[in-house]
Amino acid sequence: MKQNRVMMFLAASSMLVGTAGIAAAQDVTLTIESWRNDDLAIWQEQLIPAFEAQNPGIKVVFSPSAPTEYNAALNAKLDAGSAGDLITCRPFDASLELFNKGQLANLTELPGMENFSNVAKAAWQTDDGSATFCVPMASVIHGFIYNKDAFDELGLQVPQTEDEFFALLDKIKEDGNYIPMAMGTKDLWEAATMGYQNIGPNYWKGEEGRLALIKGEQKLTDPQWVDPFRTLARWKDYLGDGFEAQTYPDSQNLFTLGRAAIYPAGSWEISVFNTQAEFEMGAFPPPVKNAGDTCYISDHTDIGIGLNAKSPNAEAAKKFLTWVASDEFAKIYANALPGFFSLSSKPVEMEDPLAREFVSWREKCQPTIRSTYQILSRGTPNLENETWTASANVINGTETPEAAAERLQEGLASWYKPQQGN
Amino acid sequence: MLAHKRPIRWHIAVFLAPALLVYTIVMILPLFGTLQLSLFRGTSGGQVFVGLENFRTLLGDPRWSSSFWNALWNNVWFFIIHMLVQNPIGILLAALLSNPRLRLRGFYRTAIFVPTILSFVIVGFVWKLLLSPIWGVAPGLLDLVGLKSLFAPWLGKEEYALTTLGLISVWQFVGIPMMLIYAALLSIPDEILEAAECDGITGMAQFWKIKLPLILPSIGIISVLTFVGNFNAFDLIYSSQGALAGPNFSTDILGTFLYRTFFGFQLQIGDPNMGATIASMMFFIILAGVCLYLFAIQTRLRRYQF
C-alpha cells in the first residue's frame, strides 16, 4: 500500500516535471487530497473514468491519506506548497481557516454552485455567507438502523414516539435474545454523535435551536438542551453488558453479527453493514416526543471539495469542480457510496433501499446539522469535544444530565461572547 | 629547558563532533525551541512575546489548571503503580532468575522480556481485546474459576481505568528492571557470598543483608528511568483510550494533555503555544525529579569496589 503510494507519487511528480518541460498541449494532471481512503476504488473505477471520458486532456489522481492524519498532513503540505490541486474539505472551521490563510480559492462564482441550497453551502462559507470555498459533496443523516428479522421475530413495530421507543426497548430486553441497543461509551464520540446529536434535534427544534444557541438566545442549560441528556441517561439500561468498555467497532460487530436489535447510527454505516450483515435491515428516524410532532433530523454536511489557491492547473481544476456540482457526479457518488447523500437541490435517484429510507426523511422532517460544529467549537474548551465526554458520562451514570449541561454551558460561556452576560 | 607546548588535541573535537552535532540538532535545539515557543502567543498579527503569561494561564485559569492538576496527579499515580508493582516484581524475578538451581532460566528471561520489545500499539490493542466485555477472554477465564462477579469493564470505568493501564504498562516493562537487577546480581563476586556463608548468612538473610545493599545503585537508576519514562508516557494511553483519555479524563496524563493541546483534536484546533507550555512544565518536572535523585539520593548511596 505504502509502496503503491510512493509509486503513485513518483509517477505524478514525474508527470508534472514532464508537463513543465514540454509544450502546453500536454495532459494536465489533477491530484485530489482526501481522507476517504475507503473510497479509493470508487474514485478510480467510477468517478475519475467518467470525468476523464468527457474531458480529454485532463487526468485525475485520487491520493488519500489516513483520516486521523489528514488535517495535520494537509496543513503541512499546503504550507510547504506541495499539496494537490483539489482539496477535500472538512466542514466548518478547519476549512474556513485554510480559506482565511489564502490556501483555498474562492469558488462563489463557480458554475454549478447554484445547484446547492444555502444550508448545504453553510459548512464551507465565511460566517457572513459572502464567500463559498468548497463544493458540497455529501451529507450524512442520523437515525436508528434495526434488525428487521429480530423485529419480525418479536413482533415489533417501528416506534414513532419516544414512549413507544422505550416500550420497544423494554420488550426486547424482556425477551432476552437480543441486546436492545448496540452502543458503547468507550470511544466517547459514539455517545455524542450517535446519541446526543442523533436524538437532540427533536428537542431543540433543529435549526431554530441551533441558531438561537449561536446568537446567545438559548443556553445549554435550557430544558430543550438538557432533555436529550435526560433521555440518553435512560439508554443505559438497554445497552450491552460492559458497554463502558465497548468500542465503536465492537458496536458495529455486535449489530452485524445479529446480537443486537437496534443500532443508533449515522448513514455512513450503510455500505459497511450491507456487506457484513446477513439479515434484512430497516431504519427509523429519532422518535418524537408526542405523536404528530414535527420531526427533526441531523442531516450533517460532512464532505466538500475545494481548489488549492496555489494550483498551477486552476482552469482544469475548476472544470472538475463544476462536474462535481453536476447531477451526473451526484448520481454516481450517491449510488457508489450509499449513506453519503448528495447535497444537490435536485433529488438523486438511489438504488439502495436502506439509503432511500434514510433520505426519505428529508421530505417529512426538518433537517439540521450537528449543533456544535458551526462557530461554537472555535474556542477552548471546545464544545464538541466536551460534548463527547459529557454524553459518555451521562450514559455511564457518572454525571447527571443537569450537571453535564451546566458544565458545557459554563465552558462555552467562558470564551463565547454571545453566551456571556445574560 | 624548553617547555613543550602540548599540541592541541584536535581528534577529541573531531570524534565528538558528529554525536554532538546530531544531539544538538535533534534534542537541544528543539528543547530550546519549545521553551521559547511557550513564552509567545499566536495572534492575528503573528507571534507576540508574552513572558510567563502562558504559564499563568496554565496554572491560574480554573479550566486549564484543573486539567493540568488532573493530568499531573494521574501521572503521579501512574508512577506510584510502577514503583510499587513493577520494580519489586522486577527485583523478585531477578532474584529468582539468579538462583543457579532454577531450570529453564534462559526461557523465563526471554519470555518475560519479550513484551518490552512489542509496540505500544500492539500492547494497547491486545489488552483492549483481552479485557473486552464482549469478545475478551478475561470474563471467560474469571468465570472458569467462579469469580465472574469480579469482572468489570475496567477500561471503561473511571475508578479503574488508570490503574488497569498502569498494570498493563507494568506487564509490558517489568523486563527492564528485571534485566538490570539480574545483571547487577550476577556481578556480585562469589567471594563475598562465600564469605557471607562462612559467617552464617544464607538464604533470605543473605539477600537482604548482602545482595540488596549491593544492588541499591541499580535500583536507583531504575527508579530514575521509571520516573522519566512515566512522565513522558503517552503511547499506551493514546492507543487504548484515545486522545480524550476517557472515561471523563480519568486516564489523562501529561503526555495526552500535551498532545491534545499542541496538535488539536477533532474540532479543537491545535494551540502550539499552550502545548509548548505544557511540554516545558513536563521538562521542568522531570528535571526537578532527576535533580532530586542526583543530589539528594545518589550522593548518599554507598558504592562498593570489588
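Residues numbered from 1 in each chain as written. Chains lettered and ligands numbered in written order. Predicted model: local features only at pLDDT ≥ 70, side-chain atom pairs only at ≥ 80, totals over all residues. Heavy atoms only, no water.

Undergrad: Quick question: what am I supposed to make of helix α4 (residues 93-100) of chain A here?
TA: Because an α-helix completes one turn every 3.6 residues, residues spaced three or four positions apart along the sequence face the same direction. By the burial criterion, the buried members of α4(A) are A:D93, A:S95, A:L96, A:L98 and A:F99. The inward-facing, buried residues of α4(A) abut α3 (67-80) and β3 (86-89) of chain A together with β4 (268-269) of chain B. Positive backbone phi, approximately 80°, marks A:G102, located one or two places after α4(A). (Buried < 20%, exposed > 50% of the residue type's maximum accessible area, 1.4 Å probe, protein only. Helix = DSSP H or I, 4+ residues; strand = E, 2+ residues; numbered from the N terminus. Contact = heavy atoms within 4.5 Å.)

Undergrad: Sorry if this is basic, but what is going on with a negative patch on the surface here?
TA: Residue and element names in this part refer to chain A. Taken together, the side chains of D149, D152, E153, D170, E174, D175 and D237 present a region of like negative charge at the surface. Those elements that place two or more of their residues in the negative patch are α6 (148-154) and α7 (162-175). In this fold, D237 is placed in the loop between α11 (223-235) and α12 (248-256). (Patch = residues over 30% accessible without salt bridge, like charges linked within 9 Å, V, L, I, M, F, W, Y side chains within 5 Å. Areas by Shrake-Rupley, 256 points an atom, 1.4 Å probe, with all protein chains shown as cover. Salt bridge = Lys/Arg side-chain N within 4 Å of Asp/Glu carboxyl O. Lys, Arg positive; Asp, Glu negative; His and termini not counted. Charge placed at Lys NZ, Arg CZ, Asp CG, Glu CD.)

Undergrad: Would you explain the confidence of the model for chain B in this entry?
TA: Detailed reading of the predicted model is not advised wherever pLDDT is low. Of the residues in chain B, 97% have a pLDDT of 70 or more, and the chain-wide mean is 90. Here the predicted complex scores 0.84 on pTM and 0.83 on ipTM. (pLDDT = per-residue confidence, 0-100.)

Undergrad: For this particular structure, what's the right way to read the layout of surface pockets?
TA: A water-sized probe, rolled over the atoms, reveals where empty space remains. Its volume calculated, the second largest pocket comes out at about 1,100 Å³. In terms of lining, the second largest pocket is formed by 35 residues, of which the most central are A:G379, A:T380, A:P381, A:N382 and B:Q268. Elements with a minimum of two residues in the lining of the second largest pocket: α4, α17 (383-396) and α18 (401-413) of chain A together with α3 (62-97), α12 (254-263) and β4 of chain B. Top element by residues in the lining of the second largest pocket is α3(B). It accounts for 5 residues. Looking at the lining of the second largest pocket residue by residue, the classes come out as 9 nonpolar, 15 polar and 11 charged. (1 Å grid on protein atoms, 1.4 Å probe; cavity = no way out; pocket = protein on both sides within 12 Å on 5 of 7 lines; lining within 4 Å. Points joined across faces, edges and corners; volume = space filled by probe spheres on them. Nonpolar A, V, L, I, M, F, W, Y, C, P; charged D, E, K, R; others polar.)

Undergrad: In this structure, what is going on with the interface of chain A and chain B? I would like to understand it.
TA: Often the size quoted for an interface is simply the accessible area lost on bringing the parts together. Taken together, the contact between chain A and chain B spans 34 residues of the former and 24 residues of the latter. The contact between chain A and chain B buries some 2,400 Å² in all, and 59% of this surface belongs to carbon and sulfur atoms. Where chain A meets chain B, there are 7 residue pairs in polar contact (both at pLDDT 80 or more). Ranked by the residues each element gives to the side of chain A that touches chain B, the list is headed by α17(A), at 7 residues. Grouping the constituent residues of the side of chain A that touches chain B by class yields 7 nonpolar, 16 polar and 11 charged. (Buried area = accessible area lost by both parts, 1.4 Å probe. Polar contact = N/O pair within 3.5 Å; in protein donor to acceptor, adjacent residues only side chain to side chain.)

Undergrad: Explanation requested: the packing of aromatic side chains in the structure shown.
TA: Ring pairs (aromatic) are described by centroid distance and by the angle formed between their planes. All names here are of chain A. Evaluation of the coordinates by the stated rule reveals 48 aromatic pairs over all chains. With 4.7 Å between their ring centres and 15° between their planes, F99 and F133 make a pair best called stacked. Remark: F133 occurs in the loop between α5 (118-121) and β4 (134-147) and F99 occurs in helix α4; sequence separation between them is 34 residues. Consider the rings of Y263 and F273, whose centres lie 5.0 Å apart with planes at 80°: the pair is edge-to-face. Of this pair, Y263 sits in strand β6 (residues 260-266) while F273 sits in helix α13 (residues 269-276), and the two are 10 residues apart along the sequence. There is no split in this pair, since Y263 and F273 are both buried. (Phe/Tyr/Trp six-rings, centres within 6.5 Å; stacked < 30°, edge-to-face > 60°.)

Undergrad: What is the right way to look at α18(A) in this model?
TA: With 13 residues, α18(A) extends 18 Å from end C-alpha to end C-alpha; this agrees with the ideal 18 Å at 1.5 Å per step. Regarding α18(A), the residues found buried are A:P401, A:A404, A:A405, A:L408, A:Q409, A:G411, A:L412 and A:A413. (Expected span 1.5 Å × (residues − 1).)

Undergrad: Can you walk me through the packing of α3(B) against α12(B) in this structure?
TA: Think of two packed helices as two axes; the pair is described by the angle between the axes and how far apart they sit. Residues and elements named next belong to chain B. The contact between α3 and α12 brings their axes to 8 Å, and the two run at 145°. In this structure, α3 contributes W64, S67, F68, A71, L72 and N75 to the contact, and α12 contributes L254, F257 and T261. Grouping the constituent residues of the contact of α3 with α12 by class yields 6 nonpolar, 3 polar and no charged. (Axes fitted to C-alpha atoms, helices over the stretch in contact; angles between N-to-C directions.)

Undergrad: Got a minute to help me understand the environment of B:D61 in this structure?
TA: Mapped onto the elements, B:D61 comes out in the loop between α2 (53-60) and α3. Of the polar contacts made by the side chain of B:D61, one reaches the backbone nitrogen of B:W64; its length is 3.1 Å.

Undergrad: Looking at this model, I keep getting lost on the pattern of salt bridges. Mind explaining?
TA: Between side chains of opposite charge, a pair can form when the charged atoms approach closely. Residues and elements named next belong to chain A. Taken as a whole and judged by the stated rule, the model has 16 salt bridges over all chains. For D93, the salt bridge goes to R378, with nearest N and O atoms at 2.9 Å. A residue pair is termed long-range when its members are at least 10 positions apart, and D93 in helix α4 and R378 in the loop between β10 (366-368) and α17 qualify at 285 residues. What makes D93 buried here is its relative accessible area of 11%. The exposure class of R378 is partly exposed, given its relative accessible area of 39%. With a shortest N-O distance of 2.9 Å, E207 and R210 are connected by a salt bridge. In this pair, E207 and R210 are both assigned in helix α10 (residues 207-215), 3 residues apart and thus about one turn of the helix distant. Within the structure, one salt-bridge network assembled from shared partners comprises D93, D127 and R378.

Undergrad: Can you walk me through the state of the cysteines in this structure?
TA: Linking two cysteines covalently through their sulfur atoms gives a disulfide. Residues and elements named next belong to chain A. Per the stated rule, a full pass over the model turns up 2 disulfides over all chains. The disulfide bridge from C89 ends at C134, spanning 2.0 Å between sulfur atoms. Sign of the S-S torsion, about -80° for the bond between C89 and C134, identifies this disulfide as left-handed. Of this pair, C89 sits in strand β3 while C134 is found in strand β4, placing the two residues 45 residues apart along the sequence. As far as burial versus exposure is concerned, C89 and C134 are alike and both buried. (Disulfide = S-S within 2.5 Å.)

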